[in-house]
Every structure is written in C-alpha cells, then in structure tokens.
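One letter stands for each residue in the lines below.
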There are 2 protein chains.
Amino acid sequence: MLNTSSAQKLSPKPLTQRPHQQGVRPQACHSLPAIQQTVTVNFHYGVHFTRGLFMPGNSSLVDVIAPLDAVAPPSPTRAIVVIDGGLVAAKPELCEQVLAYSECYRKRLHWVEPPLVMPAGEAVKNKPELVQSIQQTIEKAGLCRHSYVLAIGGGALLDMVGYAAATAHRGLRLIRIPTTVLSQNDSGVGVKNSINAFGKKNFLGTFSPPYAVLNDSDFLMSLGDRDWRAGIAEALKVALIKDAEFFDFMADYAGALVRRDRDAMELIIHRCAELHLQHIATSGDPFELGSSRPLDFGHWAAHKLEQLTNYRLRHGEAVAMGLALDCTYSYLDGKLEEADWRRILDTLQTLGFEICCAELVEHAGHPEHPDSVFQGLREFQEHLGGQLTLMLLQRIGQGFEVHEVDIARYQAAIALLQAQSSPA
Amino acid sequence: MLNTSSAQKLSPKPLTQRPHQQGVRPQACHSLPAIQQTVTVNFHYGVHFTRGLFMPGNSSLVDVIAPLDAVAPPSPTRAIVVIDGGLVAAKPELCEQVLAYSECYRKRLHWVEPPLVMPAGEAVKNKPELVQSIQQTIEKAGLCRHSYVLAIGGGALLDMVGYAAATAHRGLRLIRIPTTVLSQNDSGVGVKNSINAFGKKNFLGTFSPPYAVLNDSDFLMSLGDRDWRAGIAEALKVALIKDAEFFDFMADYAGALVRRDRDAMELIIHRCAELHLQHIATSGDPFELGSSRPLDFGHWAAHKLEQLTNYRLRHGEAVAMGLALDCTYSYLDGKLEEADWRRILDTLQTLGFEICCAELVEHAGHPEHPDSVFQGLREFQEHLGGQLTLMLLQRIGQGFEVHEVDIARYQAAIALLQAQSSPA
C-alpha cells in the first residue's frame, strides 16, 4: 500500500515546525514517513505443441510472433535466431529450413541476420563472449524491446540466449524452442536463464519469463537413447511430488517409453510442462525470493553427483539417482510405504536408470569429506540462501518439506540403494 | 489460467487414436492443447527517510536488513558495501563511518569486505569490469540470494551496482542509498538498473526492484548548486503530469529551494518519490512491457539535448528544457492555458533553469539533420519499441498521451522559447 496522505505535509506550516530542527537524535525525530511500495507484475506466455515447426504451412510460430489479428504492423516483425550447434550437426538442413520459413511468411516475418550457430552443450554457458556477440547483434540490427530473439536448442543454449536477451534493452521478447526432452518438459517452460561464471554453475542469470515456448517433438527424434531417457527423470520427479495419476501413467508406459514411443513421450512432456507451469503460477514465489524450492526434489544429491562423476552422469540420470535416494530416505523415515517405495525403484530401473553409483557410496561414511555426496546438502542450502529446505515424499503424488535431516538415515538409504542396484 | 483438464488425455486410449498418426498436415492435426501461463510476481520494498544514516545510534539501516523481530539468525547478516568515489572525495570520513557502523551493530551486521570505492559519475557505467569485480566479490565471499549489497551514491553508481547485484545468483538483495536529489526522488526509488554498452546509454540492464531504499538528506548538503537544482526538474515533471497541488507548492517555494532550504527539499523529495512509486505501482506496466512511459514527459528532447550539448547540460537541466518545450507545444496546441504555461516557465526560470540553448535551435529547421533535436523523437520511439507514445500537458497536474506530433508546431514552440529566454 502506498501512503497517499502526504498532501497535507506539503503545506507551508510544517516546514517551520518540524521536530528534527530541535537537534534531537536524527532517526528519532525525523518526521517523514517511510513509503511502503508494492509492485505487482503479470507475465503471460503460451507453451505450444506442434510437429514440423519450420515446415512451410505450419503457422504456429508466425501466429505467435506476428499474429494476423493484431493492429497491422508497418513492417514485418523483426527477429534474430540463435541455434544450438549440436542440433545443427544432427539436423544439417535446419538452418535452411529456418531461412525458408521466413521467406514463406516474408510479409509478416523478417530475420534481420542469418541464424547464429553456437557451440553445442554446456560449453555455451562458459563463454561470456557468446552472450556479448548476441547482444552486439541486437544492437547493430537496432532491435527494440518489441523485437524477438528465437533460441532453438537444448537447456544450456536456451539458458545462455535467454540471459543475453533478458539483459539487452532490459529484455527483448524471447521465443524458446526447446529441442530435448529435458528442456521441453522442464527448464524450457520456466522463468529462469543463466550462464556459468567464476567456475560456478548458473552463477549469473535473471528471472525473465519467455514471450512464448514452442515444443516440436520432431526435434526429439534425433536424440540419442541416453538423452531421450534422461529427460524422463524430471517428469517422474514432478509426478512423485504432485500427481499420483501421472506417476501411474508413467509406470504403465515405462516399457513404451524405453521403446521410444513418440506419442507416449509427447503426452508425458505435455503433462510435465503443465505441472511445472502450474507450480510456478501457484507457488506464490515464482522468482524464488524465499528459501524453498519444491521442484528441486532429489536435486541436492543430483547436483553433487553430476560434479562428483565429472559429468559422466547427465543431469537427468543424476536426478533419477537423487530421486531414488530421497524416496529411500522417505521410506526409512517411516513416511513412504514400502510398496510405493518398491514401485518407484522398479519404475526407475525399468526406464533404464541406475539408482546407485560408486561416487554416491564412496565417501558417504565421512560427510565432511569434500567429495562426500553430503557436501551437496550444504551447497544446496548456500545456493538457495536462508534455512535448509528439502522436499521429501509422504506418498506417491505428495511431497512435504523438512528443514533438517538425519545423516545416519541417509547413510542407511545409500546402503539400501547399493544392495538394490546389485542384487547378485 | 492453466489448463488443468489434461488428466483424461493421459489414459492409454488416445495414444492409439491420435489423429496426427494419419499423416495429415502437422499443425492442423496435432491435438495437444497449448498451455496459457500467467505468472504474477509481487515485490515489496520500503523507501525510508532519515538523517545521519551511519551515525552510531541511527538504527534505520540495521532495522531494515537485520530486524530484531525476525527469527534469530544463526550469525550476523552478511553484506558488501559499494560507494561512489565522488562521494568519498566530498566526504572522506564516509568509509570510516560505514565501518564503525557495523562495529556498533556487530551482532547483527557483518561487512564481509571493506567498502568497495568506485569511480565517480557516469564513468562507472562504461566499465563492465566494475560489474565483474562486484560479482567476483560476491562469489568469493560466498554471499547467497539472502545476502545484501549496499550501494551508496548517485544514480549512475546505483544503476551499475544494481545490475551487478541483480544478475549474481539471479539477484541478491539490493539496498539503495541514493546521495543526490535526482537519485533520491527519481531513479533510486524505481525498479530499473543498467550499464552502458556498445556506445549506447543503458543498453544492458534489468527490471529488479530493490530490497529497500534509504534516503538520507545529509548527503545532499555536500552537493554543488547545479546538482542540487538539477534534481528538482524531475519533481517538477511529476507534479506537472500528476499533482497540481504539488506544483503549487514547488512554485511557492522556488525561492526557498534556490536558497537551499533543506526542509523544503526533503518535502519535495518525499512527495516526488511517493508520486513516482505510486505511478509504478498503479500504472499496470511496472516492467514497461508496452510502449508507453508517462514518466518520461519532457524526456525525448532531454535525452537528445544531453547528447547534442556533449553532456554540458546535466540530465536535470536537460529535463527542465524538455519540460519547457513540451509545455510550450501543449500551449500552442490549444491544450494548456496561457496563464498556466507562463507560470510553468516562470517557475523553471525562478529555479535557475535555462529554457533554451543553441543546440535546441540550431538544426530545428531541418528535422532530418542528425544533430536536430527532432532525431530524439525517432530514438525515443526506437528505445521504447512499438508505436510513438508521448506525454503532453492538458493542464497543470494532468498529462495526456499522443501518438503523433506536428513538427511545424514544435518548431514554433522552439522559436517561442528562444524569444522567452532572451527577452532583451
């Protein structure tokens, strides 16, 4: 609420009567009231699902960034396109398709530069000069805050381009076109961007919702089996903490998913994206100003395991192991029933995920060892700030938060996972 | 609104019946509905007014960043302090005072580093390495998203530090301590930050509300007369478009302001900050996603005049001239009454502002000349994006927006200002 009662204070009289002229302690006598400001910002964006996004005749993209029913623009919508180099290697025809697309819709759409092709994978987040090159392109082309930046690629590419777009002119309109399972169902639909800096992952970034997200399942067909599977872990995670019915569906279709059933994958991505978006919209803390991050269920161990395995484990694979660990802890803690716990581990293993690895076990007995997985607890708390807040599982479809954990019980959980993963 | 009706789509049946398996056009047949996301973010911050902010016994600051009624923190609140070098030159004792302040409250407050002193003035926004040095300090000290960055200085310093703080860990808590009239009543209480890049002012930045703002009028006492006066222009601007009573007050107290009456200045800063904050809170577009920016009344010419005079005119002085121009245009346009127009020019001149300069006149006859003030109209539109939207004056206290202007009438307004400014 704004204080709006100060008009009377503007009359000449108080000027000669204000108490701080008497020479008492400054803060005690100063009579101007504090102003309490509330700023409410509403962001709207659509997450669209299609196939053949850049096929001539597919108007999904142009309908989003240059809609026909808008006030006729004086000239075509101006945009730049940034593409993941790994994707271009797998689909060499993509750049041509993107160029042909704007030709097809040339009255509505204009790429002001040829597509910018960036290095593949996480490397793109370790090169600040790539952020600058995108910003310089925006500046040279005279793009404004109503122009568009399209980012086509996996989560790392989307993060880096998102950061560049969010900071140029305090934010151009970002169109995310995620091309992996993980980015289509998770990071690509959210409100964050980032790059790595000073050796720390995601050290620089902003909270900046996209203008729109376009998910095209055609891109998934060129993924290797590990990347296809890895993205499923985030869908399992959100099902476990929010939607038992969705977990049942995934358990039933685990075999189909392993066989790369595209229809099943599309449904899973859609529901996972929907739950993720619902959480952001209704959590009350979309820009994470507090210390709680329920969607990071299983992630404290996952982040540490990625690092401990020197990224031999991909993010989704590490998340699957982190889920196995936190579910097992929840079971040993007397919260999760044994049958549910067994069903979760079975589903993870049917999907082809490892539920234990050497690095998880090695220094578990010495939590203070820098290579112990338990260092991940401290780092997780440091990253979020404030009090430690972890999500655990009450039952399938229902998470709950704790602020302290029992390391001995976690050690027992690791031992149990080790036994389960090598039954021989 | 989120689409929450997809549970049924997760049943196995649709999987074998989905129409896009028939091979028709991809976008027409794809049955997964788009998800429309709305994200609402609420920011709260207080703007506080005090004297002697760093005097022992003044608890304003520590009450904001380490309140006693909070859950007892395990250790003192961690923060870094960044100070404007120009301010340190004028008040060499400031660094000592800042250090002594944390000693005085050492159970609640801990500066993890000695104050970082930055170059004075706009230069600070032209050195990206300063942004990096602040971020590196944050990283080295292990500060988290719940730690604080204090910025003490004028608008340029606050902009640069705000950008560094907003992007490290996606945003630490920024405490702004503005030390000029302009930053206390205008930029320092708002939601933006920026640095210059690629030769363009404010090219990089974000919308990031501060955690709190602390205005201490002691800092104003060391300002030179030009800076004291220049900050009044933004208060006049907001009075003209929003609050006739406030304009009356400023007109009545113009003489006192020129004589550097501190009480009058404090009241003006408070009311200006209040109107500015009220606008941000109620405009419906605090992050400027649209094309309209009512608070930029008088600014299209002001920005251009700063550049055309090679920054001989300070921002507030250029704003005063821009106000004179747009008020004169409003008068010639038949909107503003002659008596009101004369009163506005009188007040500007009583305050010591110039209402015309050689650069305003020189290329006014050739709007297409790169050094014509009218190039500012095009640049203003480009910066905001979308349609040209200018604020003009209906009467004192009431602005209105237009989307096109008559250059010939603006040329007549410039001629009239030229005549008014040199009546001899």
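These figures come from a predicted structure and were not determined experimentally.

Observations regarding the overall build of chain A
Point 1. A tally of helices and strands in chain A yields 18 helices and 11 strands.
Point 2. A principal-axis box enclosing the C-alpha atoms of chain A has dimensions of 90 × 65 × 40 Å.
Point 3. Relative to its full complement of 424 residues, chain A shows a buried share of 50%.
Point 4. The contacts in chain A between residues at least 6 apart in sequence include a share of 74% that link residues at least 24 apart.

With respect to the pairing of strand E10 (residues 390-395) of chain A
Residue and element names in this part refer to chain A.
Point 1. Bridge count for E10 against strand E11 (residues 398-402) is five bridges, and the pairing is antiparallel. Note on E11: the bridge partner recorded for Met391 is Glu401.
Point 2. Between E10 and the antiparallel strand that follows it, E11, lie two residues; Gly397 among them carries a positive phi value of about 95°.

A closer look at the nonpolar core
Point 1. A:Val149, A:Met321, B:Val149 and B:Met321 are the most contacted members of the largest nonpolar core, which has 267 residues in total.
Point 2. With residues near it in sequence (within four places) discarded, A:Met321 still touches A:Ala301, A:Ala302, A:Leu305, A:Glu354, A:Ile355, A:Cys356, A:Cys357 and A:Leu360.

Notes on the relation of the copies chain A and chain B
Point 1. Note on the copies: chain A fits chain B at an RMSD of 0.0 Å, the axial shift is 0.0 Å, and the rotation between them is 180°. In symmetry terms, the pair is related by a two-fold rotation axis. Closest approach to the rotation axis among the C-alpha atoms of chain A is made by A:Val41, whose C-alpha sits 2.6 Å away.
Point 2. Taken together, the interface assignments show that 98% of the residues at the interface of chain A recur at the interface of chain B, consistent with an identical surface on both copies.

Brief notes about the packing of helix H9 (residues 232-242) of chain B against helix H12 (residues 262-282) of chain B
Residues and elements named next belong to chain B.
Point 1. Here H9 crosses H12 at 55°, and the two axes come no closer than 10 Å. As the angle between them shows, H9 and H12 are arranged oblique. Crossing of H9 against H12: the hand is left-handed. Contacts from Ile232, Glu234, Ala235, Val238 and Lys242 of H9 reach H12 at Ile268, Cys272, Leu275 and His276.
Point 2. Broken down by class, the residue content of the contact of H9 with H12 amounts to six nonpolar, one polar and two charged.

Notes on the interface of chain A and chain B
Point 1. Listed per partner, the contact involves 85 residues of chain A and 83 residues of chain B.
Point 2. Contributing elements (two or more residues each) for the side of chain A that touches chain B: helix H1 (26-29), strand E1 (35-50), helix H5 (128-140), helix H6 (155-167), strand E8 (200-204), helix H10 (244-252), helix H12 (262-282) and helix H17 (375-384) of chain A.
Point 3. In terms of residues, the side of chain A that touches chain B owes the most to one element, E1(A), which gives 16 residues.
Point 4. Judged from the 13 bridges that link them, E1(A) and strand E1 (residues 35-50) of chain B form a sheet pairing that is antiparallel. Among the inter-strand pairings, A:Val41 is bridged to a residue of E1(B), identified as B:Val41.

Some thoughts on the pairing of strand E6 (residues 173-178) of chain B
Residues and elements named next belong to chain B.
Point 1. For E6, the tally of buried residues reaches six of six residues, placing the bulk of the element in the interior.
Point 2. Covered by surrounding structure in E6 are Arg173, Ile175 and Ile177 together with Leu174, Arg176 and Pro178, the residues of both alternating faces.
Point 3. One ladder, built from six bridges, connects strand E5 (residues 148-153) with E6; its direction is parallel. When the sheet's bridge partners are listed, Leu150 is paired in E6 with Ile175.
Point 4. At this point the chain moves from E5, through helix H6 (residues 155-167), to the parallel E6, and the crossover so formed is right-handed.

A word on the domain arrangement of chain A
By convention, interface size is frequently given as the accessible area that disappears when the constituent parts associate.
All names here are of chain A.
Point 1. Each assigned domain of chain A is listed here: domain 1 (46-223) and domain 2 (280-421).
Point 2. Spacing between the C-alpha centres of domain 1 and domain 2 amounts to 32 Å.
Point 3. Domain 1 puts four residues into the contact, and the matching count from domain 2 is five residues.
Point 4. Classifying every residue of the side of domain 1 that touches domain 2 by side-chain character gives three nonpolar, one polar and no charged.

Notes on helix H15 (residues 338-350) of chain B
All names here are of chain B.
Point 1. Look at H15: 18 Å from first C-alpha to last across 13 residues, which is about the 18 Å you get at 1.5 Å a residue.
Point 2. Looking at the buried side of H15, the elements it contacts are H9, helix H10 (244-252), helix H11 (254-258), helix H14 (315-332), strand E10 (390-395) and helix H18 (407-421).
Point 3. Trailing H15 by a residue or two, Gly352 shows a phi angle of about 95°, which is positive.

Focus: H12(A)
Residue and element names in this part refer to chain A.
Point 1. Across its 21 residues, H12 extends 30 Å between first and last C-alpha, which sits within 8% of the 30 Å expected from 1.5 Å per residue.
Point 2. Counting buried positions over the 21 residues of H12 gives 15, a clear majority of the element.
Point 3. Immediately downstream of H12, the backbone of Gly284 shows phi near 85°, a positive value.

The rules behind the values
- Residues numbered from 1 in each chain as written.
- Chains lettered and ligands numbered in written order.
- Predicted model: local features only at pLDDT ≥ 70, side-chain atom pairs only at ≥ 80, totals over all residues.
- Helix = DSSP H or I, 4+ residues; strand = E, 2+ residues; numbered from the N terminus.
- Buried ≥ 20, exposed ≤ 12 C-beta atoms within 10 Å, placed from the backbone.
- Contact = placed C-beta atoms within 7 Å.
- Pairing = 2+ DSSP bridges.
- Core = buried A, V, L, I, M, F, W, Y, C linked by C-beta atoms within 7 Å.
- Least-squares fit on C-alpha atoms with pLDDT ≥ 70 in both.
- Axes fitted to C-alpha atoms, helices over the stretch in contact; angles between N-to-C directions.
- Parallel < 35°, antiparallel > 145°, perpendicular 65-115°, else oblique.
- Left-handed = near helix turned anticlockwise from the far one by under 90°.
- Nonpolar A, V, L, I, M, F, W, Y, C, P; charged D, E, K, R; others polar.
- Right-handed = clockwise from strand over helix to strand, strands pointing away.
- Domains from an automatic or database assignment.
- Expected span 1.5 Å × (residues − 1).

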